[in-house]
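So the chains spell out like this:
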Amino acid sequence: MKMELAPSYFADKLQAAKPALLEVLFAQQFNAERIAQWQISGVREGDKSRLIERFLSPLVELLCRCLQGDETMRAIYLDERLRYAPHREAMAVRADFFRALLHDELAEIERLLGLPDDELVLLREQWRALHQPLVDSASAPLGLLALGDCLMNEIRVFLPESCARQNITLDMRCIYFSNAQQRGLSLDDVRAFLEHNHADMIAISFFSFSGIPAYSLVLRESEQFSAEQLQQRVDMLIGLARDFLTQLRTLTSAPILLHNASGLPLTRWRRHLPLLPALSSGRKKLLKQLNQGLAELVEHTENCLPIDEWDTVTDVGWRPASKNLLPKALRAMAHTSAFGQMLTPRYLQPLKAFQLLNKAKVLLLDFDNTLWRGVMGDEEVEQFHERQRLLRQLKEAGMLLVAVSKNSEENIRWQEMTLQPDDFAALKINWLMKPKNIADVAQELNLGLNSFVFIDDNPVERSLVSRELPDVVCLDAEDEATWLQLPMLFEFSNTQRTEEASKRTAMYQQQVARKQSLSAELDYPAMMASLALVMRFGEAKTADIERVSELVSRTNQFNTTTIRYDKAELAEMMANPDYKVFVAELGDKFGELGIVCVAIVQCASTEWCISSFIMSCRAMGFSLEVGMLNQIVRLAQDANVDRVLGDFVASDRNLPCAQLYSNVGFSLDDSDKWQLQQSIFEKVEMPCWLNIQKRS
C-alpha cells in the first residue's frame, strides 16, 4: 500500500529546517560556476544577504504553500524561479538549466532532511511533479511576445499552465514599457528581440497599470478636462498607439492581441473605501472614449484581435481585480494581482485558434449537422446560414472550401443554402470513406495535408481522419469554440483581403479540372500541350506588390530559401538597380492562374544570383520553373555576365524544389552555391509546351 502523509508534512519539514535550507539553496542557485556557465544576470558579489532576504526566503514560503496544494502559489512560484535563470534563452536551454539545478537542490534537501526511504519516494514524486513545467521543452512552442507594463508579467504567471491544459506549449516573453520604471514606448527592444527570436503572436497593453507616461498623466487629470479637451487627449493617446502599431508592422506580420483599458490601478482611497465608486466620473468618460478609439484601431489594423480588459473588470469588479494574491510577508518578492489571473482566459481562444489554424489553406466541410441541422437526404433541415456566410467570407479571403459529405449529390438542395457549388474548390459528395476523399483532394489541389482543417459533427469520422491522416486538423462542428475560432482566421496571415485571394477558389477549381483532364492523356508533351499553357514573363510592377508579398509569405514547398520579405523590402528591391524581381503568370484553356512565380535576382556586373525562387504549388507540374529560369538566363546572357548563381537552403518543407537547379544543368561551386557558366547557358531550354509571352 502506498504511504500517505498529511498535505503539510514536507512543508513543515522544510520550514523547520529553513535557515539551513536557505544556505543550501544559495549554494546551489548562486554558486559562481553555475552563474558563469549559464550567464545569469542580476547577481553581484557580496549580494548574499539581499538574495536570501528578497528572493530565497520568500521562494521557500511559496514552495511550502505549493507542497500543500495551493495552485495559485504554484503558478507564482514557477514564474519566480525564472528570475535568476537563463530566461531569455530558448525553452530547451532553460530546461537544461533547471534539470541540473533541481537535481542538485533535491539531493541537498534529501541530505538535509534525512528522511526514511518511503518518505523520500513521496518527496521525489512531489518535487518532480511540481517542477515539471520548468524541465519540459518543445521543439516548436507557440511564441508570444508581450509588450506592456507589469500586467504582462502577471499574465505570464498564469497563462502557460492554462495553455498546457489546452495542449498548447507556450513560450511567453515580456518587454516592458513603464512610467514607473521610466521606460518609454520604443521599438528598439522589440527590433532587437525579433532579430534573434521568433514571435508567433504579439500582445500589447498600452494603457494598463502605470503604462506609458502620457496615459498616466491624462488618467490622473481626467476630472479637470472639458469635453473638447478630453477628446483631444484621447486622440493623442490613440495616435501614439497607432504610430507604434504602424512601425511594428514594418518588423513583423504576426497577429497582434491588443488590450483595451480597464482603469486599473485604482487610486489609494478608492481601492480601500468601498463607499466611494471605484472610478470617478471623469475617468469613466476618458476610458469609454479611449476604448472606442482602441476598438476602431483593432478594426483598421491588419491581423489584430482584441483583449477586453474593460469587460473583464466590469464582470468581476475593480476592487476584486486589484486584490494582491500574495500575503504581505511575500510582497517584497512580487506584487501579483488577481487581474492577471482573470485576464488569462481571454487569451486562450486566440492562442488555440492560432495553434490549430495558422497553417490552414483548406476547410473540409461535412454537410449534415455541420452546415445545417438534420439529415437532408431524410428530412427537412434547418440551415445554419450564419455559419455558411462566415465560410463564404473566409473563401473570399483566400480559404479553399471542399465538401466532404457522405451523401448523394441529388439529395443536396442547394436552393436552400447560402453556400453554392461555385463556392467550393472541390465537391466530394459520395459514399467513400472520408480519409480517401481527403487524400484524393490533397493530390488534386497539390497541397500538403497539414494545411487541411476537417470540420465534422461525427466523432467517429473525426477519429478516423485523425488516425489515417494525422496531419489534418479535426474540429468538432458541434463545439461552439470551432465557430468562435474560425473568424479569427481573418486576422492570421493565411488569409488576405485581396482580389487575388477572392479568385483562389476558381483557380483551384481549374486545378481539379486539369488533373482530371491530364489523367485521360498518355503522351506527356502532347498531354501538356493539350492544356494550351501560356507563360507571361517580366519584371514585377508596383501594382504586383500585394500578390508578390502574398506568394513570398505563404509559399513553403517551392521556396528555395524560405526567406520572408515584407512589402517594404520588396518595394525597395524593385526600385534598386542592383536587384531584379521577376514574375511569371500562367494561363491555360481552363482559365488564368495569375502571378504564380517570383524570382529575386541580385545583379552584379559579372554574375547574377537568384537569391529566392518561389512558385505557387498550384503551378507545379507544368515545368513553369524551367521556363522561368530559361528567361532569366537569356537576360543574363544579354547582360554579358559570366555566370548565374542560385541559392538553395533546405528546410523541412521545401523538398519539391531541391533539384530545381541541378535539373537544368547547374552545378555546386566551392561555396555551395549552384552555378551555371555562360558557356552552357543554352542548357536551360524552354519546355516546348509553354507558350512564352511578355507581360503587358
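Residues numbered from 1 in each chain as written. Predicted model: local features only at pLDDT ≥ 70, side-chain atom pairs only at ≥ 80, totals over all residues. Heavy atoms only, no water.

Another aspect to go through is the nonpolar core. Counting 103 residues, the largest nonpolar core has Leu-159, Ile-204, Phe-207, Leu-258 and Tyr-347 as the members making the most contacts within it. Residue contributions to this core peak at 9 residues, all from helix H16 (residues 338-357). Apart from residues lying up to four places away in sequence, Tyr-347 is in contact with Leu-144, Met-152, Ile-155, Leu-159, Ala-203, Leu-257, His-259 and Ile-307. Ranked by size, the runner-up nonpolar core spans 60 residues in total, among them Val-404, Met-615, Cys-657 and Leu-676. (Core = buried A, V, L, I, M, F, W, Y, C linked by side-chain atoms within 4.5 Å. Buried < 20%, exposed > 50% of the residue type's maximum accessible area, 1.4 Å probe, protein only. Helix = DSSP H or I, 4+ residues; strand = E, 2+ residues; numbered from the N terminus. Contact = heavy atoms within 4.5 Å.)

Before going further, it helps to spend a moment on the pairing of strand E19 (residues 674-677). The pairing of strand E17 (residues 643-646) with E19 spans 4 bridges and is antiparallel. Bridge assignment links Leu-645 to a residue of E19, and that residue is Gln-675. Bridge count between strand E18 (residues 667-668) and E19: 2 bridges; the pairing is antiparallel. Across the sheet, the residue bridging to Leu-668 is Trp-674, located in E19. Counting the residues in the hairpin turn of E18 and E19 gives 5 residues, including Asp-672, whose phi is positive at 65°. (Pairing = 2+ DSSP bridges.)

Between the first and last C-alpha of helix H17 (residues 385-396) there are 16 Å, a value that for 12 residues agrees with the 16 Å anticipated at 1.5 Å per step. Of all the positions in H17, only Arg-387, Gln-388, Leu-390, Leu-391, Leu-394 and Lys-395 are classed as buried. Buried residues of H17 fall within an arc of 155° about the axis and therefore sit on the same side. Where H17 ends, the next residue or the one after it, Gly-398, has phi of about 115°, a positive value. (Expected span 1.5 Å × (residues − 1). Arc of directions from axis to C-beta.)

What follows is about empty space enclosed by the protein. Taking a probe equal in size to a water molecule and rolling it over the atoms shows the remaining empty space. All chains considered together, the criterion is met by 1 cavity of 30 Å³ or more. The volume enclosed by the largest cavity comes to roughly 60 Å³. Forming the boundary of the largest cavity are Leu-21, Leu-25, Leu-59, Val-60, Leu-63, Tyr-77, Arg-81, Glu-105, Ile-109 and Trp-127. Every element with two or more residues in the lining of the largest cavity is listed here: helix H2 (18-29), helix H4 (48-67) and helix H6 (91-113). (1 Å grid on protein atoms, 1.4 Å probe; cavity = no way out; pocket = protein on both sides within 12 Å on 5 of 7 lines; lining within 4 Å. Points joined across faces, edges and corners; volume = space filled by probe spheres on them.)

What follows covers the confidence of the model for the chain. Residues of the chain with pLDDT of at least 70 account for 94%, and the chain-wide mean is 89. When pLDDT is averaged over each element of the chain, strand E6 (residues 362-365) comes out on top at 98 and helix H21 (residues 499-502) at the bottom at 57. (pLDDT = per-residue confidence, 0-100.)

Taken in spatial order, the 5 strands line up as E10-E9-E6-E11-E12 in an open sheet, and their pairing is parallel. Each of the sheet's edge strands pairs with one partner strand only, and the pair in question is strand E10 (424-430) and strand E12 (473-476). Averaged over all pairs of adjacent strands, the angle between their axes in this sheet comes to 20°, without regard to strand direction. Judged from the 6 bridges that link them, strand E9 (residues 400-406) and E10 form a sheet pairing that is parallel. Counted as the bridge partner of Leu-401 is Phe-424 from E10. Here helix H18 (residues 434-445) sits on the sheet in contact with E6, E9, E10 and strand E11 (452-456), set at roughly 150° to E9. (Axes fitted to C-alpha atoms, helices over the stretch in contact; angles between N-to-C directions.)

Bringing the layout of surface pockets into the picture now. Here the second largest pocket is characterised by a volume of approximately 1300 Å³. Of all the secondary structure elements, the ones that give two or more residues to the lining of the second largest pocket are H4, helix H5 (71-80), helix H8 (150-165), strand E2 (170-176) and helix H9 (188-196). It is E2 that contributes the most residues to the lining of the second largest pocket, 5 residues altogether.

Attention now goes to the pattern of salt bridges. Under the defined criterion, the tally for this structure stands at 38 salt bridges. Where Lys-48 meets Glu-23, a salt bridge forms, and the shortest distance between an N and an O atom there is 2.8 Å. One end of the pair, Lys-48, is in helix H4; the other, Glu-23, is in helix H2, with 25 residues separating them in the sequence. You can call Lys-48 partly exposed: its relative accessible area is 35%. Look at Glu-23 and you get partly exposed, because its relative accessible area is 41%. When salt bridges that share partners are traced, they join Arg-392, Lys-395, Glu-396 and Asp-423 into one network. (Salt bridge = Lys/Arg side-chain N within 4 Å of Asp/Glu carboxyl O.)

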